[in-house]
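Here's the letter readout for the chains.
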Amino acid sequence: KGSKGEVVRFIDASNNMEIKLENGQNVCFYKEDVKTLPDVSLGGASAAPELKVGCKVEIVGSLTPGGYKGSKGELTRFIDVHNNCEIKLDNGQLVSFYKDDVKALPALPSAVAAPAPLTIGAHVEIVGSLTPG
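An account of the accompanying structure is given in this report. Just so it is clear, the model here is predicted, and its values are computed rather than measured.

## Section: the overall build of the chain
Consideration 1: Counting its secondary structure elements, the chain contains 0 helices and 10 strands.
Consideration 2: Beginning at the N terminus, the succession of helices and strands in the chain can be written as β-β-β-β-β-β-β-β-β-β.
Consideration 3: Counting only residues that meet the buried cut, the chain has 26% of its 133 residues in that class.
Consideration 4: Summarising the internal contacts of the chain: among those between residues at least 6 apart in sequence, 48% fall at separations of at least 24.
Consideration 5: Element-wise, carbon and sulfur atoms account for 53% of the exposed surface of the chain, whose accessible area totals about 9000 Å².

What follows is the structure, given as C-alpha cells:
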C-alpha cells in the first residue's frame, strides 16, 4: 500500500493487472487495490484554464474601473473581437471587463467524477490491501 508504478499488462478477464513498481519489481494486483494517478507528463504543471463561457473566474487586474479586483463570478459572454467579457459577479452584478483583468479558475472536480481508466502504461498507486502478499 502506498507504492507507485506503471501498469504492464492485464492478467485476466476481471482486469486485474501486473504493475511494475518504482523499485523495479513486477507484481500482480487486484484492480480494486489500484488507483490511477494524475498525468504528470507536463512536468507536474498544468496550463492555466482557458476563458470560456460558463467558466468560473476571478478578477485579477485593475484596468477595468470600479475596484473589482479580487471579485469572483461566471463568464456569461464575450462582448467584442478582443475577447473582453461580461461577468456575472457572485453578488449578481453584470459587469464588462477587459480580458487582461480576468483569470479562469480551475474547474472543481465533480463529486461523482469517474476515476481515470486503468490502461497499460498508466501511472498508478497501490491504495488497497485485498491483494495477498
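Moving on from the coordinates now.
## Quick look at the packing of aromatic side chains
Consideration 1: A complete count under the given rule lists 1 aromatic pair for this structure.
Consideration 2: The interplanar angle of 80° and the centroid separation of 5.3 Å between the aromatic rings of Tyr 68 and Phe 97 together place this pair among those described as edge-to-face. Here Tyr 68, found in the loop between strand E5 (56-59) and strand E6 (72-78), pairs with Phe 97, found in strand E8 (residues 94-97); they are 29 residues apart in sequence, far enough to count as distant. Each member of the pair, Tyr 68 as well as Phe 97, is classed as buried.

## Side note on the sheet that holds strand E3 (residues 26-29)
Consideration 1: Ordered by their spatial adjacency, 5 strands build an open sheet running E3-E2-E1-E10-E4, and the pairing between neighbours is antiparallel. Where the open sheet ends on each side, the last strands, each with one partner, are E3 and strand E4 (34-36). Ignoring which end each strand starts from, the neighbouring axes of this sheet average 45° apart.
Consideration 2: Where strand E1 (residues 4-10) meets strand E2 (residues 17-21), 5 bridges bridge the pair, whose relative direction is antiparallel. The residue of E2 that forms the bridge with Val 7 is Ile 19.

## Considerations on unusual backbone geometry
Consideration 1: We note that Asn 15 has phi near 65°; this positive angle belongs to a residue other than glycine.
Consideration 2: Inspection of the secondary structure assignment puts Asn 15 in the loop between E1 and E2.
Consideration 3: Not every positive phi belongs to a glycine, and Asn 83 is a case in point at roughly 65°.
Consideration 4: Mapped onto the secondary structure, Asn 83 falls in the loop between E6 and strand E7 (85-89).

## As for the environment of Asp 90
Consideration 1: If you trace the backbone, Asp 90 turns up in the loop between E7 and E8.
Consideration 2: When the C-alpha atoms of Asp 90 and Glu 74 are compared, they prove to be 7.7 Å apart, with 16 residues separating the residues in sequence.
Consideration 3: In this structure, Asp 90 is in contact with Lys 72 and Gly 73, ignoring residues within four places of it in sequence.

Scoring rules and cut-offs
- Residues numbered from 1 in each chain as written.
- Predicted model: local features only at pLDDT ≥ 70, side-chain atom pairs only at ≥ 80, totals over all residues.
- Heavy atoms only, no water.
- Helix = DSSP H or I, 4+ residues; strand = E, 2+ residues; numbered from the N terminus.
- Buried < 20%, exposed > 50% of the residue type's maximum accessible area, 1.4 Å probe, protein only.
- Contact = heavy atoms within 4.5 Å.
- Areas by Shrake-Rupley, 256 points an atom, 1.4 Å probe, with all protein chains shown as cover.
- Phe/Tyr/Trp six-rings, centres within 6.5 Å; stacked < 30°, edge-to-face > 60°.
- Pairing = 2+ DSSP bridges.
- Axes fitted to C-alpha atoms, helices over the stretch in contact; angles between N-to-C directions.

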